[in-house]
Amino acid sequence: MTPDLDRALRELATVIDFPPTPDLATAVERRLAHPPAVRAWWPRWRTAVLVAALVLVLAAVAGAAAARFWDDVPGFTIERVELQPPVPAGAGLRLGREVSAAEAAARVGAPTPLPADGRLGTPDALYLASGGNGPRVSAVWRPRSGFPPLLRRDVGAILTVLPGGTVRGDAANKLLSMETDVELVDVGDGAAYWLSGAPHTVIFTRADGEIAVEDVRLAGNVLLWQQDGRVLRLEADVELATALEIARSVR
Amino acid sequence: MAPSEAELVERARRGDHAAYGDLVRLHEDVAFRTAYVICGSAADAEDAAQEALVRAYAALGRFRPGAPFRPWLLAIVANEARNRRRGAGRRAALALRATEQAAAVPDGGATPSVEADVLAHDERATLLHAVEGLREEDRLVIACRYLLDLGEAETAAVLGLPQGTVKSRLSRALGRLRERLEVAPA
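Residues numbered from 1 in each chain as written. Chains lettered and ligands numbered in written order. Predicted model: local features only at pLDDT ≥ 70, side-chain atom pairs only at ≥ 80, totals over all residues. Heavy atoms only, no water.

Student: Where do I start with the interface of chain A and chain B in this structure?
Tutor: Note on interface size: it is often stated as the accessible area lost on association of the parts. Between chain A and chain B, the contact holds 31 residues from the first and 39 residues from the second. Here chain A packs against chain B, burying approximately 3,400 Å² in sum over the two surfaces, 68% of which is carbon and sulfur. Viewed at the interface, chain B and chain A are joined by 2 salt bridges. Counting across the interface, chain A meets chain B through 7 residue pairs in polar contact (both at pLDDT 80 or more). Elements with a contribution of two residues or more to the side of chain A that touches chain B: α1 (3-15) and α2 (24-33) of chain A. (Contact = heavy atoms within 4.5 Å. Buried area = accessible area lost by both parts, 1.4 Å probe. Salt bridge = Lys/Arg side-chain N within 4 Å of Asp/Glu carboxyl O. Polar contact = N/O pair within 3.5 Å; in protein donor to acceptor, adjacent residues only side chain to side chain. Helix = DSSP H or I, 4+ residues; strand = E, 2+ residues; numbered from the N terminus.)

Here it is as structure tokens:
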């Protein structure tokens, strides 16, 4: 092969934009810790039919004899299957690794700022992901009153806290050419934007604080603001007024 | 000191889930990307890679101690990804794109001009388009060797081919890629 093509392909490899790798290790560990119940070779509905038939037979004989018969049926067991462990809110959204509040605080060096507004309450799950500027923490709430599911996922709101960076108005203005409405709003201690509309355009902030458009995540409305030297991003299918109330309660 | 891969494998074989999790962390990037170039969809690749990693744990008893772990793992991932793609009944497209950012300038290198940067970007886009237009077996062997930077043995494991066949298939694939580039509009 020509060295040029070889070199060009090697250079191409350095700039290929693969989708971000999901947190497979945590998902695999969770599956290994909670293996699904083994499916019986004998379909459960057949078991139910057989049980019903046996009950009818049993009803026709004396109780004591029936009890003995029941004990003597070979190879017939009733399997008790445990409920599957609940999947944490936000699992599969590639928000990083699920962590405790203590671990998130230890990694970031400060407690995760959370809304004091009682409509959301305590997050159902916290996730930690590495970013170019440092660790990024996402708090996830399941759907609840006033916070409907985003894209039919079991998620009602996500608050992401990015370390450092600023929200830049000139970057936000670029979004105006897309089908996303960008509104300058007053919250936090710097520029803040309310991004709504375009159900399939998803906005995120890069580690350096610039706004960018990425793959679809949940496509809720997004409030982006700065607070105490951090960039915060709230995504939920709510009106601006609600989002602002939630944001202003973040401590 | 962090345990070696061989130690993690041994602990995982004895049923240590955390050790297996650490092992997966070492290889999850390449596992996901391998599944992605085969499936052509991030969601399918995630499902395939996760399923394969769980299956690989169950199959650890059949892993020969001392053998290279990554090709063995990638073979399982690739197999699962192929099954998933067949199940979906569609041809996978690479759906890759080059980042807008130029490649990092090597230390001491001159910063390229904007024009040079744009030209390089166009050339990369043309090359990527040509790779994506290749037939599947050509595309996959090029993706394995160049885009995933897999060695010959790993490529052979992923594609389920003898190592010698990888060499000849790559050579033919590069020939066809060159032909496509020669007829591609400038």
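There's plenty left to go through after this.
Student: What's the story with the pairing of strand β9 (residues 221-227) of chain A in this structure? I'm lost.
Tutor: Every other side chain in a regular strand lies on the same face of the sheet, so the side chains alternate between the two faces. Residue and element names in this part refer to chain A. When you tally the buried positions in β9, you get 7 out of 7 residues, the bulk of the element. Where burial is concerned, the two faces of β9 agree: the one with Asn-221, Leu-223, Trp-225 and Gln-227 and the one with Val-222, Leu-224 and Gln-226 are both buried. Where β9 lies against strand β10 (residues 230-236), 7 bridges are found, and the strand directions are antiparallel. Its bridge partner being in β10, Gln-226 is matched across the sheet by Val-231. (Buried < 20%, exposed > 50% of the residue type's maximum accessible area, 1.4 Å probe, protein only. Pairing = 2+ DSSP bridges.)

Student: Can you help me understand empty space enclosed by the protein in this one?
Tutor: A water-sized probe, rolled over the atoms, reveals where empty space remains. Residues and elements named next belong to chain A. With the rule as written, the count across this model stands at 2 cavities of 30 Å³ or more. Size it by volume and the second largest cavity reaches roughly 50 Å³. Residue lining of the second largest cavity: Val-108, Pro-111, Thr-112, Pro-113, Pro-135, Val-137, Val-161, Leu-162, Pro-163 and Arg-230, and that is the complete set. Counting residues per element, the ones that place at least two in the lining of the second largest cavity are β3 (134-141) and β4 (157-163). Looking at the lining of the second largest cavity element by element, the count peaks at 3 residues for β4. Looking at the lining of the second largest cavity, its residues break down into 8 nonpolar, 1 polar and 1 charged. (1 Å grid on protein atoms, 1.4 Å probe; cavity = no way out; pocket = protein on both sides within 12 Å on 5 of 7 lines; lining within 4 Å. Points joined across faces, edges and corners; volume = space filled by probe spheres on them. Nonpolar A, V, L, I, M, F, W, Y, C, P; charged D, E, K, R; others polar.)

Student: Just to check I follow, could you spell out the confidence of the model for chain A for this structure?
Tutor: Atomic detail in the predicted coordinates should be set aside for any region of low pLDDT. Residues and elements named next belong to chain A. Looking at chain A, the pLDDT average stands at 72 and 57% of residues meet or exceed 70. Of all helices and strands in chain A, the one with the weakest mean pLDDT is helix α4 (residues 63-72) (44), whereas helix α7 (residues 240-248) scores best (95). Every residue in residues 170-177 scores below 50 in pLDDT, and together they form 12 contacts with partners more than four places removed in sequence or on other chains. (pLDDT = per-residue confidence, 0-100.)

Student: What should I look at first to understand the side chain of Thr-34 of chain B in this one?
Tutor: Here Thr-34 of chain B is to be found in helix α2 (residues 17-39). Once you skip the residues sitting within four places of it in the chain, Thr-34 of chain B turns out to touch Leu-74, Leu-148 and Val-158 of chain B.

Student: Help me out: how do you make sense of the packing of α2 of chain A against helix α3 (residues 42-58) of chain B in this one?
Tutor: The axes of two packed helices give the description: the angle between them and the distance between them. Where α2 of chain A contacts α3 of chain B, the axes come no closer than 10 Å and their chain directions differ by 50°. Viewed along their axes, α2 of chain A and α3 of chain B adopt a mutual orientation that is oblique. The crossing of α2 of chain A and α3 of chain B is right-handed. The residues of α3 of chain B that touch α2 of chain A, namely those facing Leu-24, Ala-27, Val-28, Arg-31 and Leu-32 of chain A, are Glu-46, Ala-49, Gln-50, Glu-51, Leu-53, Val-54 and Tyr-57 of chain B. When the residues that make up the contact of α2 of chain A with α3 of chain B are grouped by side-chain class, the tally is 8 nonpolar, 1 polar and 3 charged. (Axes fitted to C-alpha atoms, helices over the stretch in contact; angles between N-to-C directions. Parallel < 35°, antiparallel > 145°, perpendicular 65-115°, else oblique. Left-handed = near helix turned anticlockwise from the far one by under 90°.)

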